[in-house]
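What follows is the residue order along each chain.
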Amino acid sequence: MYIVTLSLTEQKSKAPEFMAAHNAWIAKGFEDGVFALVGGLKPQGGGAIVTTDVDRATIEARIAEDPFVVEGIVTADIQEVAPARTDARLDFLKGAAA
């Protein structure tokens, strides 16, 4: 699985113009079963995405399609996580480490 952070750039003032397209991109990520969690970074702004168990090339391609990335509103940092220990409620994540 991957954790992706989306950090705002000096182009952040363009965000309202592309928010509908960004939200549609997020909805598609959930619809396709790729995103497990999406949320805002507090207090600095930007966002975070936790993915399901897909390969890095898939994540890189999907992130490159985010209108916020395309327009330079955010930069993306992709970190792979291999869950080794979880709370019992999150045991399903251990499969991502295989």
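For every chain, the first residue of the written sequence is number 1, and numbering continues from 1 onward in sequence order. At least 70 in pLDDT is required for a residue's local features to be given in this predicted model, at least 80 for side-chain atom pairs to be given and counted, and no such filter applies to totals for whole chains, interfaces and linings, which use all residues. Side-chain metrics in this entry use all non-hydrogen atoms of the structure; hydrogen atoms and water are not considered.

(A) Layout of the nonpolar core. The nonpolar core is taken to be a set of buried Ala, Val, Leu, Ile, Met, Phe, Trp, Tyr and Cys residues, with the residues joined through side-chain atoms within 4.5 Å. For every residue, the accessible area (1.4 Å probe, protein chains only) is compared with the maximum for its type, and the residue is labelled buried under 20%, exposed over 50%, or partly exposed between those bounds. Residues Val4, Ile49, Ile59 and Ile63 are the most contacted members of the largest nonpolar core, which totals 16 residues. In this text, helices come from DSSP runs of H or I with a minimum length of four residues, and strands from runs of E with a minimum of two, each type numbered from the N-terminal end. Elements that contribute at least two residues to this core include exactly β1 (2-8), α1 (15-31), α2 (56-64) and β4 (74-80). Top contributing element to this core by residue count: α1, with four residues. Here, two residues are considered to be in contact whenever any of their heavy atoms come within 4.5 Å of each other. When near neighbours in sequence (up to four residues on either side) are disregarded, Ile59 contacts Tyr2, Val4, Val34, Thr51, Val54 and Ile78.

(B) How the structure looks around the pairing of strand β3 (residues 47-51). With five of five residues buried, β3 is to be regarded as a mostly interior element. Side chains of β3 alternate between two faces, with Gly47, Ile49 and Thr51 and Ala48 and Val50 buried alike. A pair of strands counts as paired when DSSP detects no fewer than two bridges linking them. Of the strand pairs in this sheet, β1 and β3 are connected by four bridges, and their pairing is antiparallel. Residue pairing in the sheet places Ile3 in a bridge with Val50 of β3. Connecting the antiparallel pair strand β2 (residues 35-40) and β3 is a turn made up of six residues, with Gly45 showing a positive phi of about 90 degrees.

(C) Quick peek at the pattern of salt bridges. Should a side-chain nitrogen of Lys or Arg be within 4 Å of a carboxyl oxygen of Asp or Glu, the pair is scored as a salt bridge. Taken as a whole and judged by the stated rule, the model has five salt bridges. Measuring nitrogen to oxygen at the nearest pair gives 2.9 Å for the salt bridge that ties Asp32 to Arg62. Placement of Asp32 in the loop between α1 and β2 and of Arg62 in helix α2 is noted, with a sequence separation of 30 residues between them. Among the ionic pairs, Glu60 bridges to Arg56, the shortest N-O distance being 2.8 Å. Here Glu60 pairs with Arg56, and both are found in helix α2, just four residues apart, close to one helical turn. Judged by relative accessible area, which is 38%, Glu60 ranks as partly exposed. Bridged by salt links that share partners, the residues Lys28, Asp32 and Arg62 form one connected network.

(D) Focus on the side chain of Thr51. With respect to the element layout, Thr51 can be found in strand β3. For Thr51, a relative accessible area of 2% corresponds to the buried category. Here the side chain of Thr51 touches Tyr2 through a polar contact of 2.9 Å, landing on its backbone nitrogen. Ignoring anything within four residues of it in the chain, the contact list for Thr51 reads Met1, Tyr2, Val34, Phe35, Ala36 and Ile59. For this analysis, a polar contact is any N or O atom pair within 3.5 Å, provided that within protein one partner can donate a hydrogen and the other can accept it, and provided that sequence-adjacent residues contribute only side-chain to side-chain pairs.

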